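Working through the structure, step by step
This is what each chain is made of:
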Amino acid sequence: MHINSIVKKRPFIVSGPCSAESLIQIKKIADQTHNYIDVFRAGIWKPRTSPDSFEGAGKEGLKWLNEVQAKFNIKVSTEVGTAKHVEDCLEAKIDILWIGARTTVNPFYVQEIAEALKGVDIPVFVKNPVHPEISLWIGAFERLYKSGLDNLTAVHRGFYSYGSSAYRNDPKWEIPIELKSKFNNLPIICDASHIAGKHNLILEISQIAMDLDMNGLMLEVHSDPKSALSDSEQQITPIEFKNILKNLIFRDGDLKSNKVKSKLAEIRKKIDKLDEKIVLTLKERESLVKEIANFKLEHGITIFQLERWFEILRNRKSQAVEINLDKKIISDIFEQIHKFSIATQTRIMK
Ligand code: PEP
Ligand code: MN
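Read on for a plain summary of the structure.

Structural notes on the coordination of the manganese ion (ligand 2)
- For the manganese ion (ligand 2), every protein donor is listed as Cys18 (SG), His194 (NE2), Glu220 (OE) and Asp231 (OD), and the spread of their distances is 2.1 to 2.4 Å.
- Spacing between the donor residues of the manganese ion (ligand 2) along their common chain follows C-x175-H-x25-E-x10-D. Remark: Asp231 occurs in the loop between strand E8 (216–220) and helix H11 (238–247) and Cys18 occurs in the loop between strand E1 (12–16) and helix H2 (23–33); sequence separation between them is 213 residues.

So this is what it looks like as structure tokens:
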């Protein structure tokens, strides 16, 4: 089975519990969801932060997955973190493997997995690394491609951000978009559960993923989320899961009618004009920055004055608030502008 042929049918759905806890549990979940999904998921080896947390059922769980495979005639998937996991999964004829976020960060493990999979024709999902370093994600794909694996899918599960996001993991949507521009034919699915961290946020994240034209979703579904042995807050019941699928709106990425096309072109033209102005304004700002750098040089003043920077940030943010613009976006943009301003001044003053 090649995942590329399946993901044309949008959205491609991978779902099941965070962890396989018992045969009864995964059969119950599969029973209630198998008609709605492409691949059943369940973690067997769980990479947990604390050694006292539930670390998965281990090899025994592979037999449970085999039962789900046989009873519901469905593809099953699980996470692998070591070559031994790969060996056990291949022996058990698990259909699809995924590399978790805590493994993608480590090139040694990715390499070990890639080598264990050499010459094997099996789809592999690769989750983004825990922190927002796209080169590690790219590197993982390159290692797998080099091992002859070409049936790969990216799983976007958000990034650790030390409490600065409304979600458990900050989506940083620009990163999967950048990945897509690097590997044009690579399908990307969104693990809305691990981004959300809370069951009530999963629909909105899934909707954004669909609007960004992602190929599918990975969702954690549990028959009794409250009693789940891992990720209890973010798992949804089979009923909630079906409701989410029902409520998702699928907008068409294709430009159908000429009327739609020309309206889109008209708005884009206006955006292009504005962007041009922004670039010219930045150029003008750069000239002033150079002027001020020369002035500071002449008068022996330091480049960076903390008070002035705070004042810029404060004023730009309050202007944003006045006109109902997101102040976080404005402060991010000005941080970049300021960074370049300092770089320009440093060059002059050297
Ligand atoms: C999981 O899918 O249950 C999991 C552990 O995910 P991640 O690697 O994205 O944290
Ligand atoms: Mn989980």
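Digging into the environment of Glu307
- Its location among the elements puts Glu307 in helix H13 (residues 306–322).
- For the pair Glu307 and Leu264, spaced 43 residues apart in sequence, the C-alpha to C-alpha distance is 44 Å.

With respect to the layout of surface pockets
- One number sums up the size of the largest pocket: a volume of about 320 Å³.
- For the largest pocket, the lining is made up of 16 residues, of which Ile292, Arg308, Ile312, Ser341 and Gln345 are closest to its centre.
- When contributions to the lining of the largest pocket are tallied by element, the ones reaching two or more residues are helix H12 (258–299), H13 and helix H14 (327–349).
- Top element by residues in the lining of the largest pocket is H12. It accounts for five residues.
- Here the lining of the largest pocket is composed, by residue class, of eight nonpolar, four polar and four charged.

Things to note about the pairing of strand E3 (residues 75–80)
- Of all six residues making up E3, five are buried, and the element is well covered by its neighbours.
- Bridge count for strand E2 (residues 39–41) against E3 is three bridges, and the pairing is parallel. The residue bridging Arg41 from the neighbouring strand is Ser77, located in E3.
- Taken together, E2, helix H3 (residues 60–72) and E3 form a β-α-β motif whose crossover is right-handed.
- As judged from the four bridges shared by E3 and strand E4 (residues 96–99), these two strands associate in the parallel manner. Residue pairing across strands places Val80 opposite Ile99, the latter belonging to E4.
- Where the polypeptide runs from E3 across helix H4 (residues 83–91) and back to E4, its parallel neighbour, the crossover connection is right-handed.

Criteria and thresholds
The numbering scheme is per chain: residues are counted from 1 as the chain's sequence reads. Naming scheme: in the order in which they are written, chains are lettered from A and ligands are numbered from 1. Note on the predicted model: pLDDT of at least 70 is required for a residue's local features to be given, and 80 or more for side-chain atom pairs to be given and counted; whole-chain, interface and lining totals, by contrast, use all residues. Based on all heavy atoms of the structure, the side-chain values leave hydrogens and waters out of the count. The rule for donors is simple: an N, O or S atom within 2.8 Å of the metal counts, and for Na, K and Ca the reach is 3.2 Å. Water is not among the atoms, so a site may look short of donors. Put simply, DSSP marks the helices as runs of H or I at least four residues long and the strands as runs of E at least two long, and each gets a number from the N terminus on. In the cavity and pocket records, a cavity denotes points on a 1 Å grid over the protein atoms alone where a 1.4 Å probe fits but cannot get out, a pocket denotes an open set with protein on both sides within 12 Å along at least 5 of 7 lines, and lining residues are residues with an atom within 4 Å of a point. Grid points are joined across faces, edges and corners, and a volume is the space filled by probe spheres set on the points. Polarity classes work like this: nonpolar for Ala, Val, Leu, Ile, Met, Phe, Trp, Tyr, Cys and Pro, charged for Asp, Glu, Lys and Arg, and polar for all others, with Gly in that last group. Per-residue accessibility, obtained with a 1.4 Å probe over protein chains only, is compared with the maximum for each type, and a residue is labelled buried under 20%, exposed over 50%, and partly exposed between these values. Two strands qualify as a pair provided that DSSP identifies no fewer than 2 bridges between them. By convention, a crossover is right-handed whenever its connection, traced from the first strand over the helix to the second and viewed with the strands pointing away, goes clockwise.

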